[in-house]
Amino acid sequence: MATNQGVNRPPLEGVAPGELRSEEMILNMGPQHPSTHGVLRLVLTLEGETVVDCTPVIGYLHRGIEKILENRTVMAGIRYMDNADYLSPMLNETAYVGAVEQLMGIEPPRRAQYIRLITNELQRIASHLVAIGTYLLDLGAFTPILWTFRDREGILSLFEALGGSRFNVNYMRVGGVLHDFPKGWLQQCEAWCNQFEKNLQELETLITGNEIFEARTQGVGYVDPQQAIAYGLTGPMLRASGVNWDLRVNRPYMAYREVKVNPQVRQEGDCYARYRVRMQEMAESLRLVRVAMDQLPGGPISTRTPIALRPPRGETYFAIESSKGELGIYFISNGSEYPWRAKIRGPSFVNLQILPELLRGHKMSDVVAILGSLDIVLGEVDR
């Protein structure tokens, strides 16, 4: 780095030893950088190779989703939620329709709740597969992303068969879901689960225990439990620091009141622990999908609701355990078809706040390892 003066160099004439000082350097990382997984700029203050400060600059992907929701009817807003965390559209939609149902006092049929659980857990696996595959790619390993995207393709194909779209699924509805499972869908899902169980073990063998990966992640980016709570971290970020908090368990909603979840918690609090939590959560989600399919009740998939929904006057906050943490929707209704106010509590935005604290004192080479372990999606940060 240009800021290192006098390292392995002869002393400057007229300058006594010990008087040499390094100057801080400002380095812009992003907004277009492979490891930011979107458009995020980090203004890094370096002293030599050491990071002394970091200022995340956000807003490059701002699309005004909350204002879009306020200018669409309640039912029309579902589709726009897909674009928030664009790696977890099923989860986004569940949070949105859950908030409307809570405000209107609607309880979806049990079958619809189980269908939501199955699709939500499949979506969680798909999101974690992207997180782990791209994380390893950031650290220099190319093979894992090929394996993870192969398995994610299977989930997207199941979503396409279910809702007609692989990405912007637009599948959830206030009071239920759009369609029931088509013929043969459950058998295809079971086949995918059986194959993924084997693939997950292979992925575990490929990554876990790799000396280079462990050297890059163990003891790096440590977050202690008090710090995690103080920063409002949720999801794998929180559970990797030893805090056993999962909304599916602590505030169960929908079918999670009947299908019990085993939260995955690690004590190390570093980048490696966050990776391990996501791997363990994929295995747990696989178990939940199988349990839900075994216990899948019959009956309707939706309650009868008017096309022009007019939630009563009032406000509500509904949150779910998304793939990245607590995803909450805050609604204020004035009794019309349009939300008077819609606010999204995105876990990516909240979890990003701790990044400057984590980077301080680490070497420049650790920045990518720490940033990738946060698993943020800029569509949810900027909204």
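Let me sum up the structure you'll find in this document. Predicted model, so just to flag it, every value in this text is computed and none were measured.

Analysis parameters
Along each chain, residues carry numbers from 1 onward, in the same order as the chain's sequence is written. In keeping with the model being predicted, local features are shown solely for residues with a pLDDT of at least 70 and side-chain atom pairs are shown and tallied solely at 80 or more, while totals for entire chains, interfaces and linings include all residues. Each side-chain value is worked out from all heavy atoms of the structure, with water and hydrogens disregarded. What counts as a helix is a DSSP run of H or I of at least four residues, what counts as a strand is a run of E of at least two, and both are numbered from the N terminus. For every residue, the accessible area obtained with a 1.4 Å probe (protein chains only) is divided by the maximum for its type, and the residue is called buried under 20%, exposed over 50%, and partly exposed between those limits. In this description, a line fitted to the C-alpha atoms serves as the axis of each element, helices being fitted only across the stretch in contact, and the angle between N-to-C directions of two axes falls anywhere from 0 to 180 degrees. By definition in this entry, angles of less than 35 degrees are roughly parallel, angles greater than 145 are roughly antiparallel, angles of 65 to 115 are roughly perpendicular, and the rest are oblique. Left-handed describes a crossing in which the near helix is turned anticlockwise from the far one by less than a right angle; the clockwise case is right-handed. Contacts are assigned to residue pairs that have any heavy atoms within 4.5 Å of one another. By this rule, a helix spans an expected 1.5 Å times one less than how many residues it contains. By the convention used here, strands pair only if DSSP detects at least 2 bridges between them. The salt bridge criterion pairs a side-chain nitrogen of Lys or Arg with a carboxyl oxygen of Asp or Glu, the two atoms within 4 Å. Disulfide assignment relies on a single distance test, namely cysteine sulfur atoms paired within 2.5 Å. Exposure above 30% relative accessible area and no salt bridge define the residues that can form patches, which grow by joining like charges within 9 Å and nonpolar side chains of Val, Leu, Ile, Met, Phe, Trp and Tyr within 5 Å. Note on areas: Shrake-Rupley with a 1.4 Å probe; residue coverage comes only from the protein chains shown.

## Focus: unusual backbone geometry
Glycine aside, negative phi is the norm for most residues, and most peptide bonds take the trans geometry. A positive phi angle, near 50 degrees, is found at Asn170, a position not held by glycine. By the element assignment, Asn170 lies in the loop between helix H5 (143–163) and strand S6 (172–173). The phi torsion at Asp375 lies on the positive side, around 55 degrees, for a residue other than glycine. Along the polypeptide, Asp375 turns up in the loop between helix H14 (367–374) and helix H15 (378–382). We classify Asp375 as buried; its relative accessible area is 9%.

## Points about the packing of helix H4 (residues 110–138) against helix H11 (residues 271–294)
Helices that pack against each other are described as a pair by the angle of their axes relative to one another and the distance between those axes. Running from amino to carboxyl end, H4 crosses H11 at an angle of 155 degrees, the nearest separation of the two axes being 9 Å. Comparing the axis directions of H4 and H11 gives the class roughly antiparallel. As for the relative orientation of H4 and H11, their crossing is left-handed in sense. For the pair H4 and H11, contact is made by Tyr114, Leu117, Ile118, Glu121, Leu122, Arg124, Ile125, His128, Leu129, Ala131, Ile132 and Tyr135 and by Cys271, Tyr275, Arg278, Met279, Glu281, Met282, Ser285, Leu286, Leu288, Val289, Ala292 and Met293, respectively.

## Overview of H11
Taking 1.5 Å of rise per residue, 24 residues should cover 34 Å, and H11 covers 35 Å from first to last C-alpha, within 8% of that figure. Within H11, 20 of the 24 residues are buried, which leaves the element mostly enclosed by the surrounding structure.

## Focus on the sheet that holds strand S10 (residues 339–345)
On the basis of which strands lie adjacent, the open sheet formed by three strands has the order S8-S9-S10 and antiparallel pairing. Every other strand in the sheet has two partners, leaving strand S8 (314–321) and S10 as the edge strands with one partner each. Across the sheet, the mean angle separating the axes of adjacent strands is 15 degrees when strand polarity is ignored. Against the sheet, helix H3 (residues 89–104) contacts S8 and strand S9 (326–333), and its axis sits at roughly 145 degrees relative to S8.

## Digging into the pairing of S10
The pairing of S9 with S10 spans six bridges and is classified as antiparallel. Across the sheet, the residue bridging to Gly328 is Arg345, located in S10. The loop that links S9 with its antiparallel partner S10 comprises five residues; one of these, Gly335, has a positive phi angle of about 95 degrees.

## Focus: H3
If you check H3, its first and last C-alpha atoms are 23 Å apart, about what 16 residues at 1.5 Å a residue would give, namely 22 Å. By the criterion of burial, H3 is predominantly enclosed, with 14 of the 16 residues buried. Positive backbone phi, at 70 degrees, marks Gly105, one or two positions downstream of H3.

## What about the environment of Arg276?
For Arg276, the location among the structural elements is in helix H11. When the C-alpha positions of Arg276 and Pro236 are compared, they lie 9.2 Å apart, and in sequence the two are 40 residues distant. Those residues within four positions of Arg276 in sequence are excluded, and the remaining contacts are Glu204, Thr208 and Arg266.

## Some details on the pairing of strand S5 (residues 50–57)
Two elements, strand S4 (residues 41–47) and S5, share seven bridges in a ladder whose sense is antiparallel. The partner of Leu46 across the bridge, within S5, is Val51.

## Considerations on the pattern of salt bridges
Taken as a whole and judged by the stated rule, the model has 27 salt bridges. Here Arg166 ties to Glu160 by a salt bridge, and the two come within 3.4 Å at their closest N and O atoms. When its relative accessible area of 27% is taken as the criterion, Arg166 is described as partly exposed. Salt bridges sharing common partners tie together Glu121, Arg124, Arg239, Asp246, Arg248, Glu281 and Glu321.

## Some details on the state of the cysteines
What the rule picks out here adds up to zero disulfides. Cys54 takes part in no disulfide bond, and the closest cysteine sulfur, belonging to Cys271, lies 14 Å away. Cys271 gets classed as buried once you look at its relative accessible area, which sits at 0%.

## Topic: a nonpolar patch on the surface
On the surface, Leu137, Phe142 and Leu146 cluster together into a nonpolar patch covering about 300 Å² of accessible area. Of the residues examined, Phe142 reaches a relative accessible area of 53% and is grouped as exposed.

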